Amino acid sequence: MGNVKIIADSTCDLSDEQFAENDIDMLPLSIVMGEKSYFDRSEITPEEIFRWADENKTTPKTAAISMEMAVEKARPYVEAGRDIIFFGISEDMSTTCNVMRLAAGELGTDRIFVIDSRSLSTGIGLQVLRAAEMAMEGRPAEEIVAKIEGARDLVRASFVVDTLTYLARGGRCSSVTALLANTLKLKPRIAVRDGKMGVDKKYRGALSKVILKYTKDMEEELLHAEGKRVFITHSGCDRAIVEQVRTYLEGLGVFEQVIETRAGGVISSHCGPGTLGVLFYVRED
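What this report covers is the structure whose coordinates are included nearby. Source: prediction; values computed, not measured.

With that settled, consider helix H6 (residues 141–150). Where H6 is concerned, the buried positions are Ala141, Ile144, Val145 and Ile148. Here the buried residues of H6 occupy an arc of 95° about the axis, which is enough to place them on one side. Buried residues along H6 sit in contact with strand E1 (4–9), strand E6 (83–88), strand E7 (112–116), helix H5 (122–136) and strand E14 (276–281).

Rendered as structure tokens:
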């Protein structure tokens with residue numbers, strides 16, 4: 001066991017097995033549905049969120065990690081003299097990173113390093129796994145932080161949304177835009193750049209064809225990707241669509257691992273069902 005402990009928020013969309021295998025702790029954001037609040041991943045499933053959203057014609061609100069839970073999670077490691085590196089969803093999307101900075105102040109330590117991932121979903125997960133591997137090699141916290149932050153711009157995080165209904169309900173696009181897109185069967189590609197989400201392309205047609213086209217449109221970058229791993233992260237897609245993407249990615253002969261993960265409650269709340277993304281690091285040239 002190295003001296004550095006990695007903690008990530010629940011939006012990194014890694015699987016329970018990946019958290020366990022890489023000795024990573026998780027802090028959940030909250031999903032607020034009407035009068036009730038649930039911890040992401042442990043108390044609510046994406047399917048329950050979709051059902052509630054459709055019944056109430058709105059999307060849940062999401063809230064940052066709680067100060068109390070952040071202090072509670074970090075305290076044993078601080079008391080054991082270990083350094084902590086915390087990864088949070090982009091600060092343009094949540095105050096989660098700042099909650100952990102406040103928790104460090106509460107604990108009176110300057111050995112909690114907070115990394116603003118400038119990303120979401122497995123765009124964070126890629127950084128978390130890379131940091132965990134360095135931590136297990138015994139690298140010091142400052143070196144890990146410098147390497148991760150120096151490579152943040154090499155993360156490619158994007159996804160195709162099946163319907164704009166959820167983004168409209170959450171106020172992230174207008175209801176008129178959503179209605180028009182849904183009527184015309186437009187499927188937008190949402191990309192994360194500089195910590196912000198934006199539409200950079202619109203596809204038209206059946207989801208299965210659109211998602212394969214979206215993936216193939218990234219071929220040039222995929223061929224120049226860092227070969228350790230690529231993520232297929234989705235909020236519930238037909239198996240045939242996921243396997244089609246997997247077959248294509250494996251056929252490129254670039255990646256040691258093609259990893260499928262399910263999006264957690266926060267990402268699912270904002271994007272709705274049928275969302276799929278291919279996320280990876282490009283190589284440094």
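As a further point, take the layout of surface pockets. The calculated volume of the largest pocket comes to roughly 340 Å³. In terms of lining residues, the largest pocket is bounded by 17 residues, among which Asp153, Val155, Arg156, Val192 and Arg193 are the most central. Sorting the residues of the lining of the largest pocket by element identifies strand E8 (155–156) and strand E10 (186–193) as the ones contributing at least two each. By residue number, the principal contributor to the lining of the largest pocket is E10, which donates four residues. Split by residue class, the lining of the largest pocket holds five nonpolar, four polar and eight charged. Lining of the second largest pocket is provided by 16 residues; of these, Leu14, Arg41, Arg262, Ala263 and Gly264 occupy positions nearest its centre. If you list the elements that add at least two residues to the lining of the second largest pocket, you get helix H2 (46–56) and strand E13 (257–262). Looking at the lining of the second largest pocket element by element, the count peaks at three residues for E13. Of the residues in the lining of the second largest pocket, the class split is four nonpolar, five polar and seven charged.

Now for the pairing of strand E3 (residues 30–33). Relative to strand E4 (residues 36–39), E3 is paired through four bridges, and the arrangement is antiparallel. When the sheet's bridge partners are listed, Met33 is paired in E4 with Lys36. Counting the residues that bridge the hairpin from E3 to E4 gives two residues, and of these Gly34 lies at a positive phi of roughly 65°. Strand direction decides the pairing type here: E3 and strand E5 (residues 61–63), joined by three bridges, are antiparallel. Each bridged residue has a counterpart across the sheet, and for Ile31 the counterpart in E5 is Thr62.

Another point: the sheet that holds E7. Taken in spatial order, the four strands of this open sheet run E2-E1-E6-E7, and their pairing is parallel. Looking at which strands have only one partner, the edges of the open sheet turn out to be strand E2 (24–27) and E7. Strand-to-strand twist in this sheet, taken as the mean axis angle between neighbours without regard to direction, amounts to 25°. Across five bridges, E6 lies against E7 in parallel orientation. Its bridge partner being in E7, Ile84 is matched across the sheet by Ile112. Strand contacts of helix H3 (residues 67–79): E1, E2, E6 and E7, with the helix running at about 155° to E2, the strand carrying the most contacts.

Running from N to C, helix H9 (residues 207–216) and helix H11 (residues 239–251) cross one another at 25°; their axes reach a closest spacing of 10 Å. With respect to their mutual orientation, H9 and H11 come out roughly parallel. H11 is crossed by H9, and the crossing has right-handed handedness. Contact residues: H9 offers Leu207, Ser208, Ile211, Leu212, Thr215 and Lys216, while H11 offers Ile241, Gln244, Val245, Tyr248 and Leu249.

Reading the values: the criteria
- Residues numbered from 1 in each chain as written.
- Predicted model: local features only at pLDDT ≥ 70, side-chain atom pairs only at ≥ 80, totals over all residues.
- Heavy atoms only, no water.
- Buried < 20%, exposed > 50% of the residue type's maximum accessible area, 1.4 Å probe, protein only.
- Helix = DSSP H or I, 4+ residues; strand = E, 2+ residues; numbered from the N terminus.
- Arc of directions from axis to C-beta.
- Contact = heavy atoms within 4.5 Å.
- 1 Å grid on protein atoms, 1.4 Å probe; cavity = no way out; pocket = protein on both sides within 12 Å on 5 of 7 lines; lining within 4 Å.
- Points joined across faces, edges and corners; volume = space filled by probe spheres on them.
- Nonpolar A, V, L, I, M, F, W, Y, C, P; charged D, E, K, R; others polar.
- Pairing = 2+ DSSP bridges.
- Axes fitted to C-alpha atoms, helices over the stretch in contact; angles between N-to-C directions.
- Parallel < 35°, antiparallel > 145°, perpendicular 65-115°, else oblique.
- Left-handed = near helix turned anticlockwise from the far one by under 90°.

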